[in-house]
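So you can see what is in the structure, the chains are spelled out below.
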Amino acid sequence: MTSIDSATEPSPKPDPADDGARRRRNRWVRVAAGCAAALALLLIGTRLSLLPGLGDLLGEETHDRSGPAVLKSIQDMSRYEAAAGNFQVVVDLEKDTKFVPDAIRGTRTLYVGAGTVSAYVDLGKVTSGGVVVNEDRTTAEIRLPHAVLGKPALDPDRSYAVSKQRGLLDRLGDFFSDNPGSEQAVNKLAARHIGEAAEESGLAQRAEKNTTAMLRGLLGSLGFETVTVHYGTTRP
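Residues numbered from 1 in each chain as written. Predicted model: local features only at pLDDT ≥ 70, side-chain atom pairs only at ≥ 80, totals over all residues. Heavy atoms only, no water.

Visitor: Would you mind going over the sheet that holds strand β8 (residues 226–231) with me for this structure?
Guide: Across the sheet, which stays open at both edges, the 3 strands sit in the order β3-β4-β8 with mixed pairing between neighbours. Edge positions in the sheet fall to β3 (131–133) and β8, since each has one partner strand and no second. For this sheet the average axis-to-axis angle between neighbouring strands, irrespective of direction, equals 10°. As defined by bridge partners, strand β4 (residues 139–144) adjoins β8 across 6 bridges and the pair is classed as parallel. If you follow L144 over to β8, its bridge partner there is Y231. (Pairing = 2+ DSSP bridges. Helix = DSSP H or I, 4+ residues; strand = E, 2+ residues; numbered from the N terminus. Axes fitted to C-alpha atoms, helices over the stretch in contact; angles between N-to-C directions.)

Here is the structure:
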């Protein structure tokens with residue numbers, strides 16, 4: 001009986017071009033995965049750093065490496081600050097982009113701004129003829145300029161952001177910005193509203209009244225019996 005040997009076909013050899021393409025594809029996949037992992041770790045670290053108390057758990061420390069303060073100039077002051085007002089305002093600032101949904105581009109910030117405004121009388125503007133005293137030095141007449149309001153000074157310890165809504169593009173912009181989440185716009189708006197409230201509060205009139213009381217008490221201790229103070233008019 002004759003046996004017949006079955007012939008086996010040789011397996012095809014791998015194509016070098018396909019093998020090179022596969023290696024390049026695997027390399028790009030590894031690079032993309034590494035970038036995605038690094039970005040995820042960065043985002044997670046950023047979010048975790050915002051959680052209260054987590055900095056102490058991870059051993060986070062703060063070092064003040066600021067240089068010494070440098071005196072730039074000195075200005076002599078002749079102002080008598082006679083009154084100061086404490087103000088608080090809630091700022092609701094919204095910025096939209098036309099034809100773009102707020103979820104994509106837009107911000108809305110709810111901010112509580114607290115600060116003070118002082119009112120003062122500039123005694124340095126009193127001219128030589130602004131003070132008239134009689135021969136017996138018992139009566140004095142003083143002419144002063146009107147009281148002026150100072151610039152609003154925001155208190156960072158009492159000012160804070162209640163909420164801030166940002167679109168996707170704004171979040172990405174804050175992420176890559178050197179100054180993310182800047183509150184400069186709401187600070188300026190809060191200061192402006194506080195200044196407007198101070199003008200309507202009668203703070204300047206209160207300062208003039210207090211200045212008059214101060215001068216009468218001061219000159220009264222020197223023996224003057226009658227002290228009259230005028231505001232808004234000066235003599236050369």
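That was the structure; now back to the text.
Visitor: Help me out: how do you make sense of the nonpolar core in this one?
Guide: The nonpolar side chains of soluble globular proteins are, as a tendency, buried together. In this structure, V91 and L144 are the most contacted members of the largest nonpolar core, which totals 27 residues. Mapped by element, the contributors of at least two residues to this core are β1 (79–96), β2 (106–122), β4, α4 (184–199), α5 (203–221) and β8. (Core = buried A, V, L, I, M, F, W, Y, C linked by side-chain atoms within 4.5 Å. Buried < 20%, exposed > 50% of the residue type's maximum accessible area, 1.4 Å probe, protein only.)

Visitor: How do you make sense of the pattern of salt bridges when you look at a structure like this?
Guide: A side chain of one charge can pair with a side chain of the opposite charge if their charged atoms are brought near each other. Taken as a whole and judged by the stated rule, the model has 3 salt bridges. Between R143 and E141 there is a salt bridge, with the nearest N and O atoms lying 3.0 Å from each other. Assessed through its relative accessible area of 24%, E141 is described here as partly exposed. With a shortest N-O distance of 3.0 Å, D155 and R158 are connected by a salt bridge. (Salt bridge = Lys/Arg side-chain N within 4 Å of Asp/Glu carboxyl O.)

Visitor: Looking at this structure, how should I read the side chain of T211?
Guide: With respect to the secondary-structure elements, T211 resides in helix α5. If we ignore the near neighbours within four places in the chain, the residues touching T211 are Y80, A82, V121, L144 and Y231. (Contact = heavy atoms within 4.5 Å.)

Visitor: Just checking my understanding: could you explain the environment of S66 for this structure?
Guide: Summarising the element assignment, S66 is placed in the loop between α2 (54–57) and β1. At 2.7 Å, the side chain of S66 and the side chain of D64 are in polar contact. (Polar contact = N/O pair within 3.5 Å; in protein donor to acceptor, adjacent residues only side chain to side chain.)

Visitor: Is there a simple way to explain α4 in this structure?
Guide: Since one α-helical turn is 3.6 residues long, residues separated by three or four positions face the same way. Compared with an ideal rise of 1.5 Å per residue, which puts 16 residues at 22 Å, α4 spans 23 Å between its outermost C-alpha atoms and is within 8% of the ideal. Listed as buried for α4 are V186, L189, A190, A191, I194, G195 and A198. (Expected span 1.5 Å × (residues − 1).)

Visitor: Is there a simple way to explain the environment of T127 in this structure?
Guide: Inspection of the secondary structure assignment puts T127 in the loop between β2 and β3. The partly exposed category is assigned to T127, whose relative accessible area is 30%. The spatial distance from the C-alpha of T127 to the C-alpha of R143 is 8.7 Å, given a sequence separation of 16 residues.

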